[in-house]
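Breakdown of the fold
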Amino acid sequence: MAHGHVAVSEVPLQARLLRGRDGRLSRSRLEELEAAAAPQEELASVLVWLVLGDVPVEEAELKAARRRAMLVLAAGGDPHRELALDDVAVDRLAAELDSPARRAALAAALDGLAADVEGLPATTGALTALRADPALAWQTYALALLADELAGDVEE
């Protein structure tokens, strides 16, 4: 997967639209996302965003790690710019939260999305790339966490 940029404001918004009130994925929303011809990195970010809650991180630890990542992001310029997988803030957040148990939880959560994206070639491709490369999946997890934090700042 190429290291492109992800529009921060779009990732959580798209991901929120994919879940209904019952928290389940909406097939019609996934089809809309597929039809939008989003870049694979953006699709991957949305898929990981959908499973953020399936990776156990204590709230206090997560808040502190996000706050430090935001400071690193702000030190590099506009904190609301598009993010990339190789941004220093994303790298630091990924490293700070990394653990074998969390990676395993992320892998299991991504495995659980396979049936939901069946028949959607671009989305399936993004999910396949994430499942095949645990390091990429973990880095995308950190990017999704940071994008979620930034989107929260924009909405407030």
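See the structure shown above.
Before going into details, it helps to say that this report is about the structure given with it. Starting afresh in each chain, residues are numbered from 1 along the sequence in its written order. Given that the model is predicted, a residue must reach a pLDDT of at least 70 before its local features are reported, and side-chain atom pairs must reach 80 or more before they are shown or counted; all residues, however, enter totals for whole chains, interfaces and linings. Based on all heavy atoms of the structure, the side-chain values leave hydrogens and waters out of the count.

**Looking at helix 4 (residues 59–75)**
If you check helix 4, its first and last C-alpha atoms are 24 Å apart, about what 17 residues at 1.5 Å a residue would give, namely 24 Å. Every buried residue belonging to helix 4 is among Leu62, Ala64, Ala65, Arg66, Ala69, Met70 and Leu73, and all of these are buried. Numbering goes from the N terminus for both helices and strands, where a helix is a DSSP run of H or I of at least four residues and a strand is a run of E of at least two. In this analysis, the expected span of each helix is defined as 1.5 Å times one less than the number of residues it contains. Under the scheme applied here, a residue whose accessible area is under 20% of the maximum for its type counts as buried, over 50% as exposed, and between as partly exposed, the area being computed with a 1.4 Å probe on protein chains only.

**Remarks on the packing of helix 3 (residues 40–50) against helix 7 (residues 121–132)**
Between the N-to-C directions of two axes lies an angle of 0 to 180 degrees, each axis being a line fitted to C-alpha atoms and, for a helix, fitted only over the stretch in contact. In the contact formed by helix 3 and helix 7, the axes pass within 9 Å of each other and the chain directions differ by 70 degrees. Classified by the angle between their axes, helix 3 and helix 7 sit roughly perpendicular to one another. Residues Gln40, Leu43, Ala44, Leu47 and Val48 of helix 3 pack against Ala122, Thr123, Gly125, Ala126, Leu127, Ala129 and Leu130 of helix 7. In this classification, Asp, Glu, Lys and Arg are treated as charged, Ala, Val, Leu, Ile, Met, Phe, Trp, Tyr, Cys and Pro as nonpolar, and every other residue, Gly included, as polar. Among the residues forming the contact of helix 3 with helix 7, the class breakdown is nine nonpolar, three polar and no charged. By definition in this entry, angles of less than 35 degrees are roughly parallel, angles greater than 145 are roughly antiparallel, angles of 65 to 115 are roughly perpendicular, and the rest are oblique. By definition, residues are in contact when any of their heavy atoms lie within 4.5 Å.

**Details of the side chain of Arg102**
One can find Arg102 in helix 6 (residues 100–111). Any pair of nitrogen or oxygen atoms within 3.5 Å is treated as a polar contact; in protein, a donor-acceptor pairing is required on top of that, and neighbouring residues in sequence qualify only through side-chain atoms on both sides. At 3.1 Å, the side chain of Arg102 and the backbone oxygen of Pro56 are in polar contact.

**Looking at the pattern of salt bridges**
Close approach of charged atoms lets side chains of opposite charge pair. Whenever Lys or Arg places a side-chain nitrogen within 4 Å of a carboxyl oxygen from Asp or Glu, that contact is recorded as a salt bridge. What the rule picks out here adds up to six salt bridges. The salt bridge partner of Arg66 is Glu149, with a shortest N-O separation of 3.4 Å. Taken together, the positions of Arg66 in helix 4 and Glu149 in helix 8 (residues 134–155) put the pair 83 residues apart, joining distant regions of the chain. Between Arg103 and Asp98 there is a salt bridge, with its nearest N and O atoms 2.8 Å apart. The class for Arg103 is partly exposed, based on a relative accessible area of 30%. Assessed through its relative accessible area of 34%, Asp98 is described here as partly exposed. Salt bridges sharing partners connect three or more residues here, namely Arg66, Asp148 and Glu149.

**Digging into the packing of helix 4 against helix 5 (residues 88–97)**
Running from amino to carboxyl end, helix 4 crosses helix 5 at an angle of 155 degrees, the nearest separation of the two axes being 8 Å. As far as their axial angle goes, helix 5 and helix 4 are roughly antiparallel. Once helix 4 is placed against helix 5, the crossing between them reads as right-handed. Note on element contacts: helix 5 touches helix 4 through Val88, Ala89, Arg92, Leu93, Glu96 and Leu97, opposite Glu61, Leu62, Ala65, Arg66, Arg68, Ala69, Val72 and Leu73. Per-class residue counts for the contact of helix 4 with helix 5 are nine nonpolar, no polar and five charged. Less than a right angle of anticlockwise turn of the near helix away from the far helix marks a crossing as left-handed, whereas a clockwise turn marks it as right-handed.

By themselves, these are just geometric observations and shouldn't be taken as functional.
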